[in-house]
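Residue-level structural notes
One-letter residues, chain by chain:
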Amino acid sequence: MSLGIRLNVTSNLTLTFHPQTTIRRTSHSTSIRPRSIYRSNPLILLRRTMSAIPSHKSSSSTIKSSLIEPDGGALVDRVVPESERAAKALEVESMPKVSLTQIDLEWVHVISEGWASPLKGFMREDEYLQSLHFNCIRTKDGTIVNMSLPIVLAIDDEAKERIGASQNVGLVGPAGDLVGILRSIEIYKHNKEERIARTWGTTVPGLPYVEEVITPAGNWLIGGDLEVLKPIKYNDGLDHYRLSPRQLREEFDKRQADAVFAFQLRNPVHNGHALLMNDTRKRLLEMGYKNPILLLHPLGGYTKADDVPLDVRMEQHSKVLEDGVLDPETTIVAIFPSPMHYAGPTEVQWHAKARINSGANFYIVGRDPAGMGHPTEKRDLYDPDHGKKVLSMAPGLEKLNILPFRVAAYDMVEKKMAFFDPSRAKDFLFISGTKMRTYARNGENPPDGFMCPQGWNVLVRYYESLQAEEATQQAAVLSA
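Being a predicted model, the structure only gives us computed values, none of them experimental.

1. Thoughts on the side chain of Ser148
With respect to the element layout, Ser148 can be found in the loop between strand S5 (144-146) and strand S6 (154-155). Here Ser148 falls in the buried class, since its relative accessible area comes to 2%. For Ser148, the side chain forms a polar contact with the main-chain nitrogen of Trp350, separated by 3.1 Å. Discounting chain neighbours no more than four positions away, the residues touching Ser148 are Ser131, Asn135, Thr346, Glu347, Gln349 and Trp350.

Here it is, written out as structure tokens:
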């Protein structure tokens with residue numbers, strides 16, 4: 001299995017994993033980056049040298065999943081204590097107001113719970129420029145932390161004029177409720193073309209987040225320290241899945257996890273996903289971990305129109321656990337509240353960085369993470385292998401263990417999802433997300449063993465409801 005791994009070691013030993021890769025003791029944690037991670041199995045290499053390393057349960061080389069240090073050393077929490085909320089709400093009444101879109105509110109949620117630690121609010125210009133040009137920011141003590149996506153709040157000319165010389169502004173949610181305060185603000189120019197080009201590597205028309213968020217946004221960005229009046233809730237029946245980084249860390253401790261491997265997805269879980277998640281746990285056990293916990297962490301913010309909606313995905317995920325495809329005893333299902341950019345290797349760094357703050361110390365990455373098809377050409381927008389390669393080199397992610405996984409496909413001989421074997425390529429069927437949606441939309445069943453039956457039925461019902469809704473709309477148009 002083509003897995004790449006980085007391990008932080010503070011032992012006095014000097015160990016050789018590969019003729020080109022040596023681990024040496026320094027005064028700081030040392031990053032191990034085997035050059036051949038895409039051609040060999042470093043998990044096997046590591047297992048063979050485990051006897052030379054003090055037990056991960058009893059030495060300073062311990063990597064405890066819920067104790068992996070968050071970026072900046074401490075989790076950011078920007079939610080106002082309950083005892084102070086009334087006074088803060090009264091204070092914000094007299095401030096100039098900035099209106100938030102639904103996606104702005106999702107970013108408020110992300111910042112307030114510490115997913116972007118050490119970021120304490122929407123970026124001021126110095127943070128924005130570092131993020132945009134370097135994919136990381138330097139903290140006051142000189143530490144480099146990964147921050148590959150600019151987390152910013154746009155305002156228009158009218159709002160800028162209304163704010164004037166005020167140092168603080170109130171934030172108003174899409175429903176008109178007071179959400180929070182942005183203090184010690186800084187307003188600076190929003191160069192949209194530069195932001196798009198540097199984040200996506202292209203300015204081609206048809207980028208979903210660009211068209212939804214950036215193009216209609218104002219020409220100014222406003223940064224400052226965020227205070228949120230109360231925890232962000234969506235009241236959609238899914239809030240119990242929205243565990244904060246602090247809550248996740250507490251849950252990992254409660255389950256006595258000694259490794260946590262995070263898997264992000266924005267699609268329904270099929271048996272190929274389950275294969276690689278179960279295989280990863282098996283390999284972590286072989287390495288000597290006693291209780292690896294899977295964090296199944298679907299993205300819960302903005303996604304493009306043709307993606308399966310969050311509520312449908314969460315119902316499908318629950319059926320996967322009910323059917324025993326994944327073990328509920330060793331799996332935590334939670335929602336990651338971030339909006340989706342579809343920015344490929346740039347965005348996957350953000351996804352990995354946020355999991356550090358949640359307490360996960362292993363991150364599974366696959367083919368074309370955070371990617372999409374090119375909007376105007378019949379090809380992938382990004383090289384499918386670049387995401388995992390970038391993660392293995394990204395500054396600020398050294399303490400996270402990156403686990404690239406092998407490609408899974410449907411084995412027509414064994415009639416189940418299996419790891420692709422190039423020596424008998426003709427026996428495998430690749431079922432893309434588009435193909436999967438086509439099956440469900442047409443009421444067709446995929447090959448046996450592709451997805452658990454209950455999970456598949458959730459998708460079929462969803463697409464049937466879409467078709468019924470479209471038929472009703474067409475009938476209304478014809479009768480008008």
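2. Section: the pairing of strand S7 (residues 169-172)
Every second residue of S7 is oriented toward a common face, with Val169 and Leu171 on one face and Gly170 and Val172 on the other, all of them buried. Sheet topology note: the strand S3 (residues 97-99)/S7 ladder contains three bridges and is parallel. Following the sheet pairing, Ser99 is matched in S7 by Val172. Sheet topology places S7 next to strand S8 (residues 178-189); four bridges connect them, and they run antiparallel. Within S8, the position partnered with Leu171 by the bridge is Gly180. As consecutive antiparallel partners, S7 and S8 are separated by five residues, and within that stretch Gly176 has a phi angle of approximately 90 degrees, a positive value.

3. Observations regarding the packing of aromatic side chains
Tallied over the full model, the rule gives 11 aromatic pairs. Ring centres 6.1 Å apart and planes at 40 degrees place the aromatic pair Phe336 and Trp350 in the tilted group. Taken together, the residues Phe336 in the loop between strand S12 (331-333) and helix H11 (344-358) and Trp350 in helix H11 connect sequence positions 14 residues apart. The two residues Phe336 and Trp350 agree in class, both being buried. For the ring pair Phe420 and Phe430, a centre distance of 5.3 Å and an interplane angle of 55 degrees mean the geometry is tilted. Of the two residues, Phe420 is situated in the loop between strand S16 (416-419) and strand S17 (428-429) and Phe430 in the loop between S17 and helix H13 (433-441); the sequence distance between them amounts to 10 residues. An aromatic cluster of at least three residues, connected via ring pairs, comprises Trp107, Trp115, Phe336 and Trp350. Lys160 extends its terminal NZ or CZ atom over the ring of Trp220, reaching a point 4.6 Å from the ring centre. The aromatic ring of Trp220 is capped on one face by Lys189, whose charged end is 4.7 Å from the ring centroid.

4. So, the nonpolar core
In terms of nonpolar packing, the biggest core is built from 76 residues, with Ile151, Leu182, Trp200, Trp350 and Tyr363 touching the most fellow members. For this core, the element with the highest residue contribution is helix H3 (residues 102-113), accounting for six residues. Residues contacting Trp350, with those up to four places away along its chain left out, are Trp107, Val110, Trp115, Ala116, Asn146, Ser148, Leu149, Ile151, Phe336 and Ser338. Ranked by size, the runner-up nonpolar core spans 29 residues in total, among them Tyr241, Tyr289, Met314 and Phe405.

5. Digging into the packing of helix H10 (residues 310-322) against helix H14 (residues 453-479)
Between two packed helices, what matters for the description is the angle formed by their axes and the separation of those axes. Axis separation between H10 and H14 bottoms out at 7 Å; the angle between their running directions is 160 degrees. Taken as axis vectors, H10 and H14 run roughly antiparallel relative to one another. Taken as a pair, H10 and H14 cross one another with a handedness that is right-handed. Contact residues: Val312, Glu315, Gln316, Lys319 and Glu322 in H10; Gln454, Gly455, Val458, Leu459, Arg461 and Tyr462 in H14. Each residue belonging to the contact of H10 with H14 can be placed in one class, and the counts come to four nonpolar, three polar and four charged.

6. Quick look at the sheet that holds strand S11 (residues 292-296)
If you walk across this open sheet you meet the five strands as S12-S11-S10-S13-S14, and the pairing is parallel. Looking at which strands have only one partner, the edges of the open sheet turn out to be S12 and strand S14 (401-404). For this sheet, the mean inter-axis angle between neighbouring strands, taken without regard to orientation, is 25 degrees. In this sheet, strand S13 (residues 362-365) lies alongside strand S10 (residues 259-263) in parallel orientation, the contact comprising two bridges. In the sheet register, Phe261 faces S13, and the bridge partner there is Phe362. Contacts from H11 reach S10, S11 and S13, with the element oriented near 155 degrees to S13.

7. A short note on the environment of His270
For His270, the location among the structural elements is in the loop between S10 and helix H9 (271-287). Judged by relative accessible area, which is 14%, His270 ranks as buried. When the C-alpha atoms of His270 and His317 are compared, they prove to be 9.4 Å apart, with 47 residues separating the residues in sequence. In contact with His270, other than residues within four places in its own chain, are Met417, Phe450 and Met451. A polar contact of 2.9 Å, which involves the side chain of His270, links it to the backbone nitrogen of Gly272.

8. Focus: the pairing of S11
The two faces of a sheet get side chains in turn, since along a regular strand they alternate between them. Burial analysis of S11 places five of its five residues in the buried class, the great majority of the element. Taking every second residue as pointing to the same face, both faces of S11 are buried, with Pro292, Leu294 and Leu296 on one and Ile293 and Leu295 on the other. Sheet topology places S10 next to S11; five bridges connect them, and they run parallel. In the sheet register, Phe263 faces S11, and the bridge partner there is Leu296. Taken together, S10, H9 and S11 constitute a β-α-β crossover, and its handedness is right-handed.

9. Here's the deal with the side chain of Arg183
Topologically, Arg183 is positioned in strand S8. A relative accessible area of 15% means that Arg183 is categorised as buried. One polar contact links Arg183 to Glu91, side chain to side chain, over a distance of 2.8 Å. Residues contacting Arg183, with those up to four places away along its chain left out, are Lys88, Glu91, Met95, Arg124, Gln167, Asn168, Gly224, Asp225 and Glu227.

10. Considerations on the layout of surface pockets
Its volume calculated, the largest pocket comes out at about 1,300 Å³. In this structure, the largest pocket is lined by 43 residues; those nearest its centre are Asn267, His273, Arg367, Asp368 and Gly433. Those elements that place two or more of their residues in the lining of the largest pocket are H9, H11, S13, strand S15 (408-411) and H13. Looking at the lining of the largest pocket element by element, the count peaks at four residues for H13. Class assignment for the residues of the lining of the largest pocket results in 23 nonpolar, 12 polar and eight charged.

Conventions adopted
Residues numbered from 1 in each chain as written. Predicted model: local features only at pLDDT ≥ 70, side-chain atom pairs only at ≥ 80, totals over all residues. Heavy atoms only, no water. Helix = DSSP H or I, 4+ residues; strand = E, 2+ residues; numbered from the N terminus. Buried < 20%, exposed > 50% of the residue type's maximum accessible area, 1.4 Å probe, protein only. Polar contact = N/O pair within 3.5 Å; in protein donor to acceptor, adjacent residues only side chain to side chain. Contact = heavy atoms within 4.5 Å. Pairing = 2+ DSSP bridges. Phe/Tyr/Trp six-rings, centres within 6.5 Å; stacked < 30°, edge-to-face > 60°. Lys NZ or Arg CZ within 6 Å of the ring centre and 35° of its normal. Core = buried A, V, L, I, M, F, W, Y, C linked by side-chain atoms within 4.5 Å. Axes fitted to C-alpha atoms, helices over the stretch in contact; angles between N-to-C directions. Parallel < 35°, antiparallel > 145°, perpendicular 65-115°, else oblique. Left-handed = near helix turned anticlockwise from the far one by under 90°. Nonpolar A, V, L, I, M, F, W, Y, C, P; charged D, E, K, R; others polar. Right-handed = clockwise from strand over helix to strand, strands pointing away. 1 Å grid on protein atoms, 1.4 Å probe; cavity = no way out; pocket = protein on both sides within 12 Å on 5 of 7 lines; lining within 4 Å. Points joined across faces, edges and corners; volume = space filled by probe spheres on them.

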